[in-house]
Amino acid sequence: MAVSQNKPLPKNIKYGIVLDAGSSHTNLYVYEWPAEKENDTGVVHQVEVCKVEGLGISGYSQDTEKAGLSLQQCMKRAQEVVPEQQHGETPVYLGATAGMRLLSLQNRSIADRVLSAVEKTLHSSPFNFQGARVISGQEEGAYGWITINYLLGNFKQPGWLNFLPHLRSSRGTSGALDLGGASTQITFVPDQEPIESQENSLHFRLYGKNYNVYTHSFLCYGKDQALRLKLASDLQASSTRNGSLLDPCFHPGYLRIMNISDLYTNPCIANGEQQLPFTQLHLQGNGDYQRCRTTIQKIFNTSHCPYSSCSFNGIFLPPLQGEFGAFSAFYFVMNFLNLTTEKNPVPLDKVTSTVERFCSRPWHEVKAEFPKIKEKYLSEYCFSGTYILSLLENGYGFTTEKWESIQFLGKIGSSDAGWTLGYMLNLTNMIPAEKPPTRPLSHASYVGLMVFCSLVLVAVLLLGWLTFHKPKCLQKGLI
Ligand SMILES: Nc1nc2c(ncn2[C@@H]2O[C@H](COP(=O)(O)OP(=O)(O)OP(=O)(O)O)[C@@H](O)[C@H]2O)c(=O)[nH]1
Ligand SMILES: [Ca+2]
């Protein structure tokens, strides 16, 4: 006997936690989804982001234990967000990106110690810890691409197409552009097949469709490392005897003092330090966009290409294809400069003139206008804006027309654009290779279908009746 209940059943919600241990800082994300819809596309969403105070985990190479301790506050926050009875079943993953890739190249045993320290903290939490590891640049690109296409609903087939499988649309996916502090990724489905270099080629089967995806991660070309590359290249080209350098990528009146040893302490910048007769670099801004662009250009080597086409440094890049979503620092910088609009993209010439005007503004004026923005961020928007233009226009070849296909996005719905959601979807097997069997119709669809069938039946009966029992008036009219 069926028992009717008026009370709705309690929602069966599941949770998952991912820590994004980036080069500049760590973010903890909490995701949730209805348990019964686990394999549907587009049901997982972010309910919390917690920004870990202090450095990225790779910044604790001098005191590795602190890398673990730094995560405690956000782990506590996660315990408040996830209901206590579900702590034990909630998976936690930590993925480290370019900062840890660089530290591993520099000193493997210190990098391992940092990872052990964060593992210790995560093991001692009440959640179901699933591991902490350094993810590859390919994975970072791939999971970013999966995240945005999952959130944009690009893997979804319209319901009615389930009945007509041969008509299934091959609706396009969106490419993904991620700009971090230490690396940057470009990932998209190219038109051209096959992909010329194996290390840039990924294959996925998702929801019953095959995707051949191009991806590349440029280590050292995140915006913090790119600034170091630029400064090292400027230093090499200059004849300064005392370490004073005019820098067109900073505002007029801006001054920054840097230790030369800090500039040369990672594998992105090979040697050169020994020859310098000074220990500090005195940067003096002069806010000249054109010159800034020229100096940045020097960090992209376009002199050789062993493929049919390349981005820079001899790396294969097929012709750009389709729409692109640009996130992380692409978004932070463009958003600060008011160059992100929901609907129409801002044309490339307008972006260029905005960055140019911003760079030329005196530092004291900029500081007075944005007193609440961290000085580190504020002072670098001129460099970052110019770097983004160089990378996208000269590095990847986004022309004035192609520029219009880029959308700068921070969030999609409630979820941040980034690699973490895709990483979790993959590790929890939430994106099936094949399309899950279609569920029975929802109540609304059932009622709709019934009404439609009834109307068709009435129309058929009426037509039949009219054919065989023509009313006299109609018969007369026909003669
Ligand atoms: N303006 C601004 N800059 C930010 C913000 N958050 C991070 N950044 C900077 O933007 C750059 C990229 O930040 P993220 O995307 O978090 O980079 P990351 O994940 O630490 O670095 P990777 O390991 O290379 O991916 C870094 O230079 C950060 O210092 C923000 O809220 N506003
Ligand atoms: Ca990142």
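Residues numbered from 1 in each chain as written. Chains lettered and ligands numbered in written order. Predicted model: local features only at pLDDT ≥ 70, side-chain atom pairs only at ≥ 80, totals over all residues. Heavy atoms only, no water.

### Here we look at the domain arrangement of the protein chain
Here is step 1 of the chain: Along its sequence, the protein chain is organised into domain 1 (10-134 + 420-454) and domain 2 (137-239 + 287-418).
Here is step 2 of the chain: Between the C-alpha centres of domain 1 and domain 2 the distance comes to 24 Å.
Here is step 3 of the chain: The interface of domain 1 with domain 2 comprises 33 residues on the first partner and 32 residues on the second.
Here is step 4 of the chain: Here domain 1 and domain 2 share an interface that buries about 2600 Å² over both sides, 56% of which is from carbon and sulfur atoms.
Here is step 5 of the chain: Where domain 1 meets domain 2, there are three salt bridges.
Here is step 6 of the chain: Between arginine 133 and glutamate 139 there is a salt bridge; the shortest N-O distance is 2.8 Å.
Here is step 7 of the chain: The interface formed by domain 1 and domain 2 contains 16 residue pairs in polar contact (both at pLDDT 80 or more). (Domains from an automatic or database assignment. Contact = heavy atoms within 4.5 Å. Buried area = accessible area lost by both parts, 1.4 Å probe. Salt bridge = Lys/Arg side-chain N within 4 Å of Asp/Glu carboxyl O. Polar contact = N/O pair within 3.5 Å; in protein donor to acceptor, adjacent residues only side chain to side chain.)

### Some points on the sheet that holds strand β1 (residues 13-21)
Working definition: the strands of a sheet are paired by backbone hydrogen bonds and lie parallel or antiparallel to each other.
Here is step 1 of the chain: Strand order in this open sheet of five strands is β3-β2-β1-β4-β5, and the pairing throughout is mixed. A strand with exactly one partner marks an edge of an open sheet, and here the two such strands are β3 (45-51) and β5 (128-134). Within the sheet, the average angular offset between the axes of one strand and its neighbour, ignoring direction, is 15 degrees.
Here is step 2 of the chain: As defined by bridge partners, strand β2 (residues 26-34) adjoins β3 across six bridges and the pair is classed as antiparallel. Each bridged residue has a counterpart across the sheet, and for tyrosine 29 the counterpart in β3 is valine 49.
Here is step 3 of the chain: Against the sheet, helix α4 (residues 108-123) engages β1, β4 (91-96) and β5, with an angle of about 165 degrees to β5.
Here is step 4 of the chain: In the packing of helix α14 (residues 420-427) onto the sheet, contacts are made with β1, β2, β4 and β5, and the angle to β1 comes to roughly 125 degrees. (Pairing = 2+ DSSP bridges. Helix = DSSP H or I, 4+ residues; strand = E, 2+ residues; numbered from the N terminus. Axes fitted to C-alpha atoms, helices over the stretch in contact; angles between N-to-C directions.)

### Some points on unusual backbone geometry
Here is step 1 of the chain: Cis geometry marks the peptide bond from glutamate 193 to proline 194, where omega comes out at -5 degrees.
Here is step 2 of the chain: With respect to the secondary-structure elements, proline 194 resides in the loop between β7 (183-188) and β8 (201-206).
Here is step 3 of the chain: Backbone geometry at tyrosine 207 places phi at a positive 50 degrees, although glycine is not the residue there.
Here is step 4 of the chain: Relative to the elements of secondary structure, tyrosine 207 occurs in the loop between β8 and β9 (209-219).
Here is step 5 of the chain: With phi around 55 degrees, asparagine 313 is a residue other than glycine that occupies positive phi space.
Here is step 6 of the chain: Mapped onto the elements, asparagine 313 comes out in the loop between α8 (289-297) and β13 (324-328).

### Description of the packing of helix α9 (residues 329-336) against helix α12 (residues 375-395)
Here is step 1 of the chain: Interhelical geometry of α9 versus α12 gives an angle of 115 degrees and a closest axis separation of 10 Å. Crossing of α9 over α12 shows left-handed handedness. Judged by residue contacts, Ala329, Phe330, Phe332, Val333, Met334 and Phe336 of α9 engage Leu378, Tyr381, Ser384, Gly385, Ile388, Leu391 and Leu392 from α12.
Here is step 2 of the chain: For the contact of α9 with α12, the class distribution of residues is eleven nonpolar, two polar and no charged. (Left-handed = near helix turned anticlockwise from the far one by under 90°. Nonpolar A, V, L, I, M, F, W, Y, C, P; charged D, E, K, R; others polar.)

### A few points about the state of the cysteines
Here is step 1 of the chain: Counted by the stated rule, this structure contains five disulfides.
Here is step 2 of the chain: In this model cysteine 50 forms its disulfide with cysteine 74; the gap between the sulfur atoms is 2.0 Å. Its S-S torsion of about -80 degrees marks the bond between cysteine 50 and cysteine 74 as left-handed, since a negative value means left-handed. Taken together, the residues span a long stretch of sequence, with cysteine 50 in strand β3 and cysteine 74 in helix α2 (residues 72-81) at a distance of 24 residues. There is no split in this pair, since cysteine 50 and cysteine 74 are both buried.
Here is step 3 of the chain: The residue that forms a disulfide with cysteine 220 is cysteine 268, at a sulfur-sulfur distance of 2.0 Å. With the S-S dihedral at roughly -85 degrees, the linkage between cysteine 220 and cysteine 268 falls on the left-handed side. (Disulfide = S-S within 2.5 Å. Buried < 20%, exposed > 50% of the residue type's maximum accessible area, 1.4 Å probe, protein only.)

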